[in-house]
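# Coordinate analysis (summary)
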Amino acid sequence: RIYNLPLTAATMVFFRNSAGVLSDATVRKALVQAADPTSIIANLDYSTLPVREPLLHGQVGYNPLYQQAGYNTAAAAALLDGDGWVMGGDGLRHKGGQTLSFQLQALDSGDYPQVAKQLVQQWRAVGAKAQLITQDATTFQNALSYHTYDAILYGISIGVDPDVFVYWDSSQGNVLAPVRLNLSEWHSAQADTSLEAGRTRLDPALRAIKYQPFLQAWQADAPALGLYQPRFLYITRGTVYGLSEHAINSDVDRFTNVQNWEIRRVKRADT
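Here goes a summary of the coordinates provided. (Residues numbered from 1 in each chain as written. Predicted model: local features only at pLDDT ≥ 70, side-chain atom pairs only at ≥ 80, totals over all residues. Heavy atoms only, no water.)

Right, let's get into helix H5 (residues 137–146). Buried within H5 are the following residues: Phe140, Ala143 and Leu144. All buried residues of H5 lie within an arc of 100° about the axis, which places them on one face of the element. Away from its buried face, by an angle of more than 90 degrees, H5 presents the exposed residues Thr138 and Tyr146. The backbone nitrogen of Thr138 has a side-chain oxygen 3.1 Å away, supplied by the residue at the start of H5, namely Asp136. Residue His147 follows H5 closely and has a positive phi angle near 55°. (Buried < 20%, exposed > 50% of the residue type's maximum accessible area, 1.4 Å probe, protein only. Helix = DSSP H or I, 4+ residues; strand = E, 2+ residues; numbered from the N terminus. Arc of directions from axis to C-beta. Polar contact = N/O pair within 3.5 Å; in protein donor to acceptor, adjacent residues only side chain to side chain.)

This part is about the nonpolar core. Grouped together as the largest cluster of nonpolar side chains are 64 residues, with contacts concentrated most on Val13, Leu104, Leu119, Trp123 and Trp168. Per-element tally for this core: the top contributor is helix H4 (residues 112–124), with six residues. For Trp123, the residues in contact, after removing those within four places along its chain, are Val13, Phe15, Leu31, Ala34, Ala35, Phe102, Leu104, Ala128, Ala130 and Leu225. Counting 10 residues, the second largest nonpolar core, distinct from the first, contains Tyr3, Phe232, Val240 and Trp261. (Core = buried A, V, L, I, M, F, W, Y, C linked by side-chain atoms within 4.5 Å. Contact = heavy atoms within 4.5 Å.)

Here the focus is the pattern of salt bridges. Pairing is possible between side chains of opposite charge, provided their charged atoms come close. Under the counting rule described, the total for this entry stands at six salt bridges. The residue Arg231 makes a salt bridge to Asp45 at a minimum N-O spacing of 4.0 Å. Of this pair, Arg231 sits in strand S10 (residues 231–235) while Asp45 sits in the loop between helix H2 (37–42) and helix H3 (73–82), and the two are 186 residues apart along the sequence. Put simply, Arg16, Arg180 and Glu185 are held in one network by salt bridges that share partners. (Salt bridge = Lys/Arg side-chain N within 4 Å of Asp/Glu carboxyl O.)

On to the environment of Val32, then. As for its position among the elements, Val32 is in helix H1 (residues 25–34). C-alpha of Val32 to C-alpha of Leu55: the two residues are 23 residues apart in sequence and 17 Å apart in space. Dropping the residues within four chain positions of it, Val32 is found in contact with Phe15, Gln68, Ala69, Ala222, Ala224 and Leu225.

All right, on to the pairing of strand S8 (residues 151–157) then. Remember that side chains alternate between the two faces of the sheet whenever the strand is regular. Relative to S8, strand S2 (residues 9–15) is paired through seven bridges, and the arrangement is antiparallel. Looking at the pairing, Val13 lines up with Leu153 of S8. Taken together, the two bridges between strand S6 (residues 101–107) and S8 define a ladder with parallel strand orientation. Considered in S8, the bridge of Leu104 is made with Ala151. (Pairing = 2+ DSSP bridges.)

It is worth spelling out the packing of H1 against H3 at this point. With their axes 8 Å apart at the nearest point, H1 and H3 run at an angle of 165° to one another. By the angle between their axes, H1 is roughly antiparallel relative to H3. Judged by the twist between their axes, the crossing of H1 over H3 is left-handed. Between H1, through Thr26, Val27, Lys29, Ala30, Gln33 and Ala34, and H3, the contact on the second element is made entirely by Thr73, Ala75, Ala76, Leu79 and Leu80. Considering only residue class, the contact of H1 with H3 consists of seven nonpolar, three polar and one charged. (Axes fitted to C-alpha atoms, helices over the stretch in contact; angles between N-to-C directions. Parallel < 35°, antiparallel > 145°, perpendicular 65-115°, else oblique. Left-handed = near helix turned anticlockwise from the far one by under 90°. Nonpolar A, V, L, I, M, F, W, Y, C, P; charged D, E, K, R; others polar.)

A separate point is the sheet that holds strand S9 (residues 224–228). Within a sheet, neighbouring strands are paired by backbone hydrogen bonds and run either parallel or antiparallel to one another. The mixed open sheet is built from five strands, whose spatial order is S7-S6-S8-S2-S9. Single-partner strands in this sheet number two, and they are strand S7 (129–135) and S9. Going across the sheet, the axis of each strand differs from the next one's by a mean of 30°, ignoring polarity. The strands that H1 touches are S2, S6 and S9; relative to S2, the one it contacts most, it runs at about 135°. Lying on the sheet, H4 is in contact with S2, S6, S7, S8 and S9; it crosses S6 at an angle near 165°.

Structure representation (C-alpha cells):
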C-alpha cells in the first residue's frame, strides 16, 4: 500500500531579482504566465497539491485573491511585447541587443530534472531561452549558499505556522545575512513591513490581515513561480488502519498517531 503524505513545503522556481533579465518584474510575470504548473503536476508519478502563492492553501493568511497569475501564453507574450522584447527569426526574443536568456539550475535527482525540462519547453514557447543546468548535491548546495544562479528550482519547508520571513524579507537576501534564504533576493519595503507585523501577532484573524500587503506585493512583483507541494512516499505491506494521508512537516511526522495503527489479520482455524 502506498501512502502519499504531502509536506508543508513548496517547490518553486526562484528568480534572482538582483541582476540580469530576471531583474525585470515584467519578464518575471511573463515567465509565470508562460508556465503550466497543472501540466507539470499531471506529469508527476504521484498526486499532489498546487502552490500558487507563498503561503500554502489552508494556512493562516492564505487568500486566493493573491494567487500568482494563471497559465496564459497569449498574456505572457503580450507582456513581453509591451516590454520591448521582440520575437526574432531564431524563435527567441531580443531587446536592445540582449537575448531573453537565463540559466535555470536544478538538482540532478528526484523530480527536479523532468520538471525543469518541462519549464524550459514552456518558456521557449513564448521566446524565452532557459539554459538548464543540473547539478550534483554538493555543487547545487554551493549555488544555493552563494546565490550563483539566475533561477533555481528548489523546495522550501514552510511548516504549519506560515512565518515565511526568512524566505522573503529583504534582510534575508543581503550578502551579510547568515543563511540568505531569500533565494530570489527580492526587496520590497511593503512586504518587509507586512511580514514583520504578521509574525508578531498571535490572533490568526489579525495575522491574516497583516499578511495581505505581503501577498499583494508578491503577486505584483512575481519574485518566484509556485509549482507544487512535495510529498513523502510511505509504503507499507498491506493496509495499516489508522494511518491516513495527511499533511506532515517532516518524514518522521508520519508516526504522529502511531499508537492508533492496526494491522488486522484473520486467524486461521487449526486443521
